[in-house]
Amino acid sequence: MATTTPSQGILSEAMSAERAQLVELLQQAYWMEIETVMSYLANSINPDGVRAQEIKESLEQDIQEELGHAQQFGARIKELYGVVPGSLEFSASQSSLQPPQHQTDIVHVIKGVIDAESGAIDHYNKMIEFCDDKDLVTQDMVIAILRDEEGHRRLFEGYLREYEAEGLA
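First, a word on what this report is: a plain description of the structure on this page. (Residues numbered from 1 in each chain as written. Predicted model: local features only at pLDDT ≥ 70, side-chain atom pairs only at ≥ 80, totals over all residues. Heavy atoms only, no water.)

1. Digging into the overall build of the protein chain
Stated precisely, the cut-off is as follows: Counting from the N terminus, the helices are DSSP H or I runs at least four residues long and the strands are E runs at least two residues long. What makes two residues a contact is simply this: any of their non-hydrogen atoms within 4.5 Å. Accessible surface is estimated by sampling points in the Shrake-Rupley manner with a 1.4 Å probe; for residues, cover comes only from the protein chains shown. For the charge count, each Lys or Arg is scored as positive and each Asp or Glu as negative, with His and the chain ends excluded. Every charge is mapped to an atom, namely NZ of Lys, CZ of Arg, CG of Asp or CD of Glu.
When its secondary structure is counted, the protein chain shows four helices and zero strands. Along its sequence from the N terminus, the protein chain presents helices and strands in the succession α-α-α-α. Based on the C-alpha atoms only, the size of the protein chain along its principal axes is roughly 65 × 30 × 20 Å. Across the protein chain, every contact between residues at least 6 apart in sequence was considered, and the portion connecting residues at least 24 apart equals 76%. Put simply, the protein chain shows about 9,600 Å² of open surface, and 51% of that area lies on carbon and sulfur atoms. Side chains of the protein chain give 12 positive and 30 negative charges; the mean places of these two sets differ by 2 Å.

2. A word on the pattern of salt bridges
For the record, the criterion: Salt bridges, as used here, are contacts in which a Lys or Arg side-chain nitrogen is within 4 Å of a carboxyl oxygen on Asp or Glu.
Per the counting criterion, the structure on display carries five salt bridges. Between Arg153 and Glu157 there is a salt bridge, and its shortest N-O distance comes to 3.6 Å. Separated by four residues within a single helix, Arg153 and Glu157 lie in helix H4 (residues 136–165), roughly one turn from each other. Several salt bridges converge on common partners, so that one network encompasses Arg51, Glu162 and Glu166.

3. Some remarks on H4
Rules: The span one expects for a helix is its residue count, reduced by one, times 1.5 Å. Three labels apply to residues, based on accessible area from a 1.4 Å probe with only protein chains included: buried if under 20% of the type maximum, exposed if over 50%, partly exposed otherwise in between. In protein, a polar contact requires one atom able to donate a hydrogen and another able to accept it; more generally it is a pair of N or O atoms within 3.5 Å, and residues adjacent in sequence count only if both atoms are side-chain atoms.
For H4, with 30 residues, the first-to-last C-alpha span of 43 Å sits near the 44 Å given by 1.5 Å per residue. Those residues of H4 lying buried are Thr138, Gln139, Met141, Val142, Ile145, Leu146, Glu149, His152, Phe156, Tyr159, Leu160 and Tyr163. Where H4 is buried, its residues contact helix H1 (16–45), helix H2 (52–79) and helix H3 (106–131). The residue sitting at the N-terminus of H4 and contributing the capping side-chain oxygen is Asp135; that oxygen lies 3.2 Å from the backbone nitrogen of Val137. At the C-terminal side of H4, Gly167 shows a positive phi close to 75°.

4. Some thoughts on the side chain of Asp135
Residue placement: Asp135 occurs in the loop between H3 and H4. Separated by 2.9 Å, the side chains of Asp135 and Arg76 make a polar contact. Polar side-chain contacts of Asp135 include one of 3.2 Å to the backbone nitrogen of Val137. Among all residues touching Asp135, those that are not within four sequence positions of it are Ile10, Leu22, Arg76 and Leu80.

5. Re the nonpolar core
Cut-off, in case you're wondering: Side-chain atoms within 4.5 Å are what join buried Ala, Val, Leu, Ile, Met, Phe, Trp, Tyr and Cys residues into a set we call a nonpolar core.
Core analysis: the largest hydrophobic core is formed by 26 residues, its most contacted members being Leu22, Leu26, Tyr30, Phe73, Tyr124, Met127 and Val142. By residue number, the principal contributor to this core is H1, which donates nine residues. Those residues within four positions of Tyr30 in sequence are excluded, and the remaining contacts are Ala70, Phe73, Gly74, Ile77, Val84 and Pro85. Counting 18 residues, the second largest nonpolar core, distinct from the first, contains Leu97, Val107, Val113 and Ile114.

6. What about the packing of aromatic side chains?
Rules: Note on ring pairs: Phe, Tyr and Trp rings are taken, using the six-membered ring of Trp, and paired if centres are within 6.5 Å. Classes follow the plane angle, with under 30 degrees stacked, over 60 edge-to-face and the rest tilted. By the criterion adopted, a ring carries a charge over it if an Arg CZ or a Lys NZ lies within 6 Å of its centre and within 35 degrees of its normal.
Applying the stated rule across the entire model yields four aromatic pairs. Arranged with centres 5.4 Å apart and planes meeting at 50°, the rings of Phe73 and Tyr124 form a pair that is tilted. Taken together, the positions of Phe73 in helix H2 and Tyr124 in helix H3 put the pair 51 residues apart, joining distant regions of the chain. Taking the centre distance of 5.0 Å and the plane angle of 90° together, the rings of Phe156 and Tyr159 count as edge-to-face. Of this pair, Phe156 and Tyr159 both sit in helix H4, three residues apart, which is roughly one turn of the helix. The exposure class of Phe156 is buried, given its relative accessible area of 0%. Residue classification places Tyr159 among the buried positions, given a relative accessible area of 9%. Every member of this aromatic cluster is reached through a ring pair, and the members are Tyr30, Trp31 and Phe90. In this structure, Arg51 is placed above the aromatic ring of Tyr163, and the distance from its NZ or CZ to the ring centre is 4.5 Å. The ring of Phe130 carries the charged tip of Lys134 above its face, separated from the ring centre by 4.5 Å.

Don't take any of this as a statement about function, it's just geometry.
Put into structure tokens, the structure is as follows:
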């Protein structure tokens, strides 16, 4: 049984270079989400104090959403004939999301989340722009994920404003 490749679009042979670039962008997004899951997990467990509970609960909910994003990116990588990378290819980069030295330093966690979400938003906007006139399927998926990330950032910006208003940040 012979396989056929599309004559047009991102799956075509004519767009193999663009497809390879897109797979690289998707792999980077995949790792960003996986790293965020790891950091959110740590930051949903480590913090102490009465004020930490709401932040911990929010992060617990976000873990599942971020994991879902990684799964979506992985599925799209495969659809584009790429390979979802394994753990040996992982390289951490989210230094601001590392657990704080003091487990009551909730502001550190909040600022780390804002930083991570801002990084994701920047990367996803680049992906959306890259996909223009190349791959509307990936673009549509990334737009939906971008909306989630903007919502996460907005929520944590609200937490930070509350801490700032009370002189705690």
